[in-house]
Amino acid sequence: MELELNEVIENLEYLVSDSCTDTQFDYLEEIEIATKSLEKQIPKKPTPIDYKKYMDVIDNARFLRGAYWCPNCKHVVKSGSYCSDCGQALDWSDENEID
């Protein structure tokens, strides 16, 4: 059975409440869901796609020019703060930038 997001939140709120008599082992699924969700909020750098590598394999490989792979799900991304497929936060900053 897959939990709904609101059930996960309610169960986690109960787990950290003073009235909780259960252990964290009773809520492993909720903890895993929450952890994965939080990890996606940490921005990660997309990987540039070498579109030339796909020229003989994909008819419209030129579409991949200037595109990147999502670091989480490998969906094609070109811009945006989050991957439209999995919700991973994306870090488009240049590593050479000075804060």
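Everything quoted here is computed from the prediction, not taken from an experiment.

**Student:** How should the overall build of the chain be read in this particular structure?
**Tutor:** Secondary structure summary: the chain contains two helices and three strands in total. Ordering the α and β elements of the chain from the N terminus gives α-α-β-β-β. By residue count, 19% of the 99 residues in the chain fall in the buried class. A separation of at least 24 residues holds for 31% of the contacts in the chain among residues at least 6 apart in sequence. Split by element, the accessible area of the chain, about 7700 Å² in all, is 50% carbon and sulfur.

**Student:** I'm lost on the sheet that holds strand 1 (residues 47-48) in this one. Help?
**Tutor:** Two pairing modes exist for strands in a sheet, parallel and antiparallel, and in both the strands are linked by backbone hydrogen bonds. Taken in spatial order, the three strands make up an open sheet running 1-2-3, and their pairing is antiparallel. Every other strand in the sheet has two partners, leaving strand 1 and strand 3 (76-77) as the edge strands with one partner each.

**Student:** Please explain the side chain of Glu30 as it appears in this structure.
**Tutor:** Structurally, Glu30 can be placed in helix 2 (residues 28-40). Although Glu30 is buried, it makes no salt bridge; Lys36 carries the closest opposite charge, 12 Å away. Side-chain polar atoms of Glu30 contact the side chain of Asn11, separated by 2.6 Å. For Glu30, the residues in contact, after removing those within four places along its chain, are Leu3, Val8, Asn11 and Leu12.

Rules and cut-offs
Residues numbered from 1 in each chain as written. Predicted model: local features only at pLDDT ≥ 70, side-chain atom pairs only at ≥ 80, totals over all residues. Heavy atoms only, no water. Helix = DSSP H or I, 4+ residues; strand = E, 2+ residues; numbered from the N terminus. Buried < 20%, exposed > 50% of the residue type's maximum accessible area, 1.4 Å probe, protein only. Contact = heavy atoms within 4.5 Å. Areas by Shrake-Rupley, 256 points an atom, 1.4 Å probe, with all protein chains shown as cover. Pairing = 2+ DSSP bridges. Lys, Arg positive; Asp, Glu negative; His and termini not counted. Salt bridge = Lys/Arg side-chain N within 4 Å of Asp/Glu carboxyl O. Polar contact = N/O pair within 3.5 Å; in protein donor to acceptor, adjacent residues only side chain to side chain.

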